[in-house]
Amino acid sequence: MQSRALLGSALVSALALGAAVPYAQAATPAATPTTLPAAVPAGIGPWTAPKELPGLTGVTGVVDLKSTRDGAVAGLFTQGGKTVLSVRATGATTWQSATPVPPGGTLQRTDDGAVSLLWWTGAADGGANTLKMYRLAPDGTVFTPAETIATGTVTRGGAHWRTQSTTLAANAKGQQAVAWMDEDRRLTVVERSGPSADWSAPKTLDQLPDPIVRDDHTYDYTLRDMRVAVDPAGTVGVIWGGNSHYTGDGVDPDPTAYKWHYKYVEKPADPASSWTEPRDLAQLGVQPEQVTLAAHPEGGFHLLSHGGYARKAAGAAQWGQSEQIGVGARTYAPAELLTAPNGDITAVSMQGRGTLGVATRLASRGSWGAARKLASNVDADSLGAVPGAGGAVVVTYTQKRFELGRTLREDFVAQTVEGGDLAKPRTLNAQTKDTVSAGRAAVDSQGRPVAVWTQSSAGGGTPTAFTATTGTRGKPAWHDYADDSRGDVVGLSFSASMKLYTGDTTNPTDTFYASPWDEKTRVVPFGDFDGDRCNDLIVRLPDGETRLYTPVCGGGLPSPDSAYKRLARDWSRYDTLFASGDQTGDGLPDLLARDKATGDVYLYAADGAGAFKPRVRIRTAWTGYTRVIGAGDLNGDGVGDVLALDKSGELWRYAGLRTGKLKDRVLVFKDWGASYKDVIGAGDVNGDGKQDLLARDTSDRLWLNAGKGDGTFANRVSFGAANYWKHWASIG
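Residues numbered from 1 in each chain as written. Predicted model: local features only at pLDDT ≥ 70, side-chain atom pairs only at ≥ 80, totals over all residues. Heavy atoms only, no water.

(A) Spotlight on the environment of Ser493. Note on placement: Ser493 falls in strand 35 (residues 489-493). The exposure class assigned to Ser493 is buried, which follows from its relative accessible area of 1%. Here Ser493 is in contact with Lys499, Glu519, His727, Trp728 and Ala729, once residues within four sequence places are set aside. Among the polar contacts made by the side chain of Ser493, one reaches the side chain of Ser495 at a distance of 2.9 Å. (Helix = DSSP H or I, 4+ residues; strand = E, 2+ residues; numbered from the N terminus. Buried < 20%, exposed > 50% of the residue type's maximum accessible area, 1.4 Å probe, protein only. Contact = heavy atoms within 4.5 Å. Polar contact = N/O pair within 3.5 Å; in protein donor to acceptor, adjacent residues only side chain to side chain.)

(B) Highlighting the nonpolar core. Counting residues in hydrophobic clusters, the biggest one holds 32 residues, and the most contacted among them are Val348, Leu356, Leu374, Val395, Val490, Met498 and Leu557. At three residues, strand 28 (residues 393-403) tops the list of elements feeding residues into this core. When sequence neighbours within four positions are dropped, the list of residues in contact with Met498 reads Val490, Gly491, Leu492, Phe512, Tyr513, Ala514, Trp517, Val523, Leu537, Val539, Leu557 and Pro558. Ala179, Leu208, Tyr221 and Val230 belong to the second-largest nonpolar core, a separate cluster that totals 22 residues. (Core = buried A, V, L, I, M, F, W, Y, C linked by side-chain atoms within 4.5 Å.)

(C) Molecular detail of the environment of Val62. When you line up the elements, Val62 lands in strand 2 (residues 59-67). Taking the C-alpha atoms as reference points, Val62 and Gly439, 377 residues apart in sequence, are found 5.4 Å from one another.

(D) Spatial organisation of the pattern of salt bridges. For the coordinates displayed, the defined rule picks out 30 salt bridges. Salt-bridge contacts for Asp70 lead to Arg69; the nearest nitrogen and oxygen are separated by 3.1 Å. Close ionic contact of Asp254 with Arg214 constitutes a salt bridge, the shortest N to O distance being 3.2 Å. Of the two residues, Asp254 sits in the loop between strand 16 (236-246) and strand 17 (260-267) while Arg214 sits in the loop between strand 14 (212-213) and strand 15 (218-230), which places them 40 residues apart along the sequence. (Salt bridge = Lys/Arg side-chain N within 4 Å of Asp/Glu carboxyl O.)

(E) Representation of the sheet that holds strand 17. The strand order across the open sheet formed by four strands is 14-15-16-17, and the pairing between neighbours is antiparallel. Since the sheet does not close on itself, it has two edges, and those belong to strand 14 and strand 17, each with one partner. The sheet contact formed by strand 15 and strand 16 spans 11 bridges and is antiparallel. Across the sheet, Tyr221 pairs through a bridge with Ser244, a residue of strand 16. (Pairing = 2+ DSSP bridges.)

(F) Examining the state of the cysteines more closely. All chains considered together, the criterion is met by one disulfide. One disulfide bridge connects Cys534 with Cys553, the sulfur atoms lying 1.8 Å from each other. Because the torsion about its S-S bond is 110°, the bridge between Cys534 and Cys553 counts as right-handed. Here Cys553 lies in the loop between strand 40 (546-549) and strand 41 (564-568) and Cys534 lies in the loop between strand 38 (522-525) and strand 39 (537-540), a separation of 19 residues in the sequence. A relative accessible area of 5% means that Cys534 is categorised as buried. (Disulfide = S-S within 2.5 Å.)

(G) The sheet that holds strand 3 (residues 73-79), seen in detail. Across the sheet, which stays open at both edges, the four strands sit in the order 2-3-4-5 with antiparallel pairing between neighbours. Sheet topology places strand 2 and strand 5 (99-100) at the edges, where each strand pairs with a single neighbour. The pairing of strand 3 with strand 4 (residues 82-88) spans seven bridges and is classified as antiparallel. Considered in strand 4, the bridge of Leu76 is made with Leu85.

It is worth stressing that arrangement in space is one thing and function is another; only the former is reported here.
Structure, rendered in structure tokens:
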């Protein structure tokens, strides 16, 4: 998103922080802007409630979803045992009537924003085949009539395999290229300059080698990869190849006969140029398979093979060196490689068997960050990734859930990735035992994900199709990070992780986390600082450095090297940093801090331009309080309030004033809090619309004092068992 791209290590001015607090030095940026943009796009909104797929009945499977530039969504579905095609037009919520798809037809989305359906037809007399295409234009609502791309032979095999070995690509100008392997194992390509131009005659560029014959074995070359891309200038690149494969039975194979034939060919954009000779690419590795190739928006191409990323810049004669990024291909499909409008590159694929991961190359940083785990127990074939609004990537997958060693169900899950950071996974299907859910996602005209999935009994039965999208993002509730309008708990674990507890009633201990964080780090839940309508976090490191992080909307947590704004190089002199929301009545969240030596409390009011105003002392000599707590708006007047616990065990409330100061104290509880090691104002955790209080005792049990909305609280009730909360080093 725009705001995340601007978050450097120091955007707060020295006037706002360092000059007011000599011991809290601000960072010294070099020609870095000191304000955020006037209008920050809201993050991807919360997921809406699922509903049965409107307009289509009898859908029992989701084969694929693709969307056009203007947001029309094309879907391949299983209906009545057959594959059918349907379109949800831009701005519509209902799917059009489905039409049967020719055998082996597949959807392909190209960089001009069009969606095409490709398939091969066979001649009745067994002669030449014909490659056909339906096309849904970037601004279209229906597919055009079938057009013929080429006539010729195609590799032997079923209709599905023939189409899988045929690949279409186009650049933003609509220049197109199609590549396939013919019956004689030859790489064949056709091109055209635009959607209405004529296709060129088929051109043979390379050929898989003849079978390797041993005394008792025959090793046939099998096509493994066929990737074509067209860069913005019109250069066409193709990576293709396969390996020799033992086709006999009953005889042990000969490993020395395993050979790989992978080649790269290219045709420069100059109309007078011709195809290069096939050549090897060291960047593919020794034994390539499931290579990802895509046009780079800045020109040229980039690829991913065996976890190695390489770039060929526009006009360059050679590919750059490969660099390992921590995610590789799936068994039967390449990794997803997506580029955001700001130049960030996101790779999504597997880190190991059943483990899904993501790596991001931030354009602002110019290098790949550490790969991050998305989920375990993932079906690799279920992976999908689509670019969403503001440069976010929405990843979907099917994940197994377990209970007492058995599979409880298989869930269809969506998760947002942005700037290298992850949102909390969201299970979209109904969480019913012994069910299986699987689906795909695309995006609409506003960049919102549109998910379609089926859910059925694990033992059989007729599946039911559902759909969901994301809604408009409003102002976040205090302490709400997971988009459920309830307060969440953020803290540090003893295992070097920042943790998020959302009170999910279906998975109460399914905690989301990000690593690695020192357990002595302290995190302060903060309001929406950058205007994306998602709550942010203030983090103080063990050495006193204090940072502002703006996590991904939807329950995201940062890692230490996520984009941040440095508030101070050393705020160790403050023994407490806390926030209660808006202290000044201007709708912006503010920060409070207590000086460890003097007990003075300072207000850092947000200035509305991406920084804080100079600090203002609002209370003096609060050294008699053992705890000072940012409690949120306890009395409903729109201003944050503060709680303070004194040495005698009395809890006091200081109601906020719109001047940024606090009213005189009012007693809340007597003889309270002696057994507590953590006390936080946690927002509305019980869903009644009032701000609540959570406390963890010295035995690690969690207690809830529900807020009454008038600044007082009900008596405590148990909220969490010690066997869970004992793993938390601190809560915020």
